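The lines below spell out each chain.
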Amino acid sequence: MTTAEATARDAGDRREIADLVSRMFRSYDRRELDEETTARFVADDAHVTTPVGTARGRAAVARLNAEALGRFDRTQHQATDLLVEVAPDGATARAGWNALMTHVHHDSTLRGRGPNANPLLVVGGYWHGTLARTAAGWRFDSLAIEPVWHTGDPPPLG
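Draft legend 1. Focus on unusual backbone geometry. Although it is not a glycine, Arg31 adopts a positive phi angle of roughly 65 degrees. Backbone geometry places Asp81, a non-glycine residue, at a positive phi of 55 degrees. Inspection of the secondary structure assignment puts Asp81 in strand β3 (residues 72-86).

Quick look at the structure:
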């Protein structure tokens, strides 16, 4: 492979991974959290670590996402400052980005907390993961969320 071909492949990989992150966040906010949709973003044996738990395997990741995001009426996830490092062999990559995650509480949560309840939980943090090139394109085989700050109260657990 020539240097120009390698540069073009690397640029294409970076675009594909950036699109993967954007599509993943959009699926969260649209509540497309089933296993079939999750397969568009994570590998079969993916390992995910979040503030509300960990999961291994695509089905478990889909359940964890549905449980975590189901605690809110709606959400908006924003990714910025994506950094991608594709391994020289082109088979694996690492990615990390900053995220602003806005969560709107269910009306029932707000009623339980009283008239002065904050309707939002806003979290800023880092996401990072490793990816593998598959026949279907890039997929995360590990993914972790590291909250850095938040404002508002988390939802009730249970």
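There is more to say, and it comes next.
Draft legend 2. Summary view of a nonpolar patch on the surface. Together, Tyr126, Val148 and Trp149 make up an exposed nonpolar region whose accessible area comes to about 320 Å². Its location among the elements puts Tyr126 in strand β5 (residues 120-134).

Draft legend 3. Broad picture of a negative patch on the surface. There is a patch of like negative charges on the surface, built from Glu32, Asp34, Glu35 and Glu36. As for its position among the elements, Glu36 is in helix α2 (residues 35-38). Look at Glu36 and you get exposed, because its relative accessible area is 61%.

Draft legend 4. Representation of the sheet that holds strand β1 (residues 42-50) within the structure. Taken together, 6 strands build an open sheet; the order of strands is β2-β1-β6-β5-β4-β3 and the sheet is mixed. Taken across any chain shown, the strands that pair with only one partner, and hence form the sheet edges, are β2 (53-56) and β3. On average, each strand axis in the sheet is tilted by 20 degrees relative to the strand beside it, whichever way the strands run. Bridge analysis of β1 against β2 gives 4 bridges, and the strand direction is antiparallel. Looking at the pairing, His47 lines up with Arg56 of β2. Relative to the sheet, helix α3 (residues 58-70) contacts β1, β2 and β3, its axis offset from that of β1 by approximately 40 degrees.

Draft legend 5. Highlighting the nonpolar core. In terms of nonpolar packing, the biggest core is built from 32 residues, with Met24, Trp97, Trp127, Leu131 and Phe140 touching the most fellow members. Looking at this core element by element, the count peaks at 6 residues for helix α1 (residues 3-29). Apart from residues no more than four positions distant in its own chain, Trp97 is found in contact with Val21, Met24, Phe25, Ala79, Thr80, Asp81, Leu82, Gly125, Tyr126, Trp127, Phe140 and Leu143.

Draft legend 6. Fine view of the environment of Val123. Relative to the helices and strands, Val123 resides in strand β5. Residue class for Val123 comes out buried when judged on its relative accessible area of 12%. Spatially, the C-alpha atom of Val123 lies 18 Å from that of Ser22, the residues being 101 residues apart in sequence. If we ignore the near neighbours within four places in the chain, the residues touching Val123 are Ala99, Leu100, Met101, His103, Pro147, Trp149 and His150.

Draft legend 7. Structural context of α3. Its 13 residues place the ends of α3 18 Å apart at the C-alpha level, agreeing with the 18 Å of an ideal helix rising 1.5 Å per residue. Restricting attention to buried positions, one finds in α3 the residues Arg58, Ala60, Val61, Ala62, Leu64, Asn65, Ala68 and Leu69.

Draft legend 8. Spatial organisation of the side chain of His105. Within the secondary structure layout, His105 lies in strand β4 (residues 92-105). The buried category is assigned to His105, whose relative accessible area is 1%. Within the structure, the side chain of His105 is placed 2.8 Å from the backbone oxygen of Asp153, a separation counted as a polar contact. Every residue in contact with His105, bar those within four places of it in the chain, is listed here: Phe72, Asp73, Leu110, Arg113, Asn118, Pro119, Leu120, Leu121, Asp153, Pro154 and Pro155.

Scoring rules and cut-offs
Residues numbered from 1 in each chain as written. Predicted model: local features only at pLDDT ≥ 70, side-chain atom pairs only at ≥ 80, totals over all residues. Heavy atoms only, no water. Helix = DSSP H or I, 4+ residues; strand = E, 2+ residues; numbered from the N terminus. Patch = residues over 30% accessible without salt bridge, like charges linked within 9 Å, V, L, I, M, F, W, Y side chains within 5 Å. Areas by Shrake-Rupley, 256 points an atom, 1.4 Å probe, with all protein chains shown as cover. Salt bridge = Lys/Arg side-chain N within 4 Å of Asp/Glu carboxyl O. Lys, Arg positive; Asp, Glu negative; His and termini not counted. Charge placed at Lys NZ, Arg CZ, Asp CG, Glu CD. Buried < 20%, exposed > 50% of the residue type's maximum accessible area, 1.4 Å probe, protein only. Pairing = 2+ DSSP bridges. Axes fitted to C-alpha atoms, helices over the stretch in contact; angles between N-to-C directions. Contact = heavy atoms within 4.5 Å. Core = buried A, V, L, I, M, F, W, Y, C linked by side-chain atoms within 4.5 Å. Expected span 1.5 Å × (residues − 1). Polar contact = N/O pair within 3.5 Å; in protein donor to acceptor, adjacent residues only side chain to side chain.

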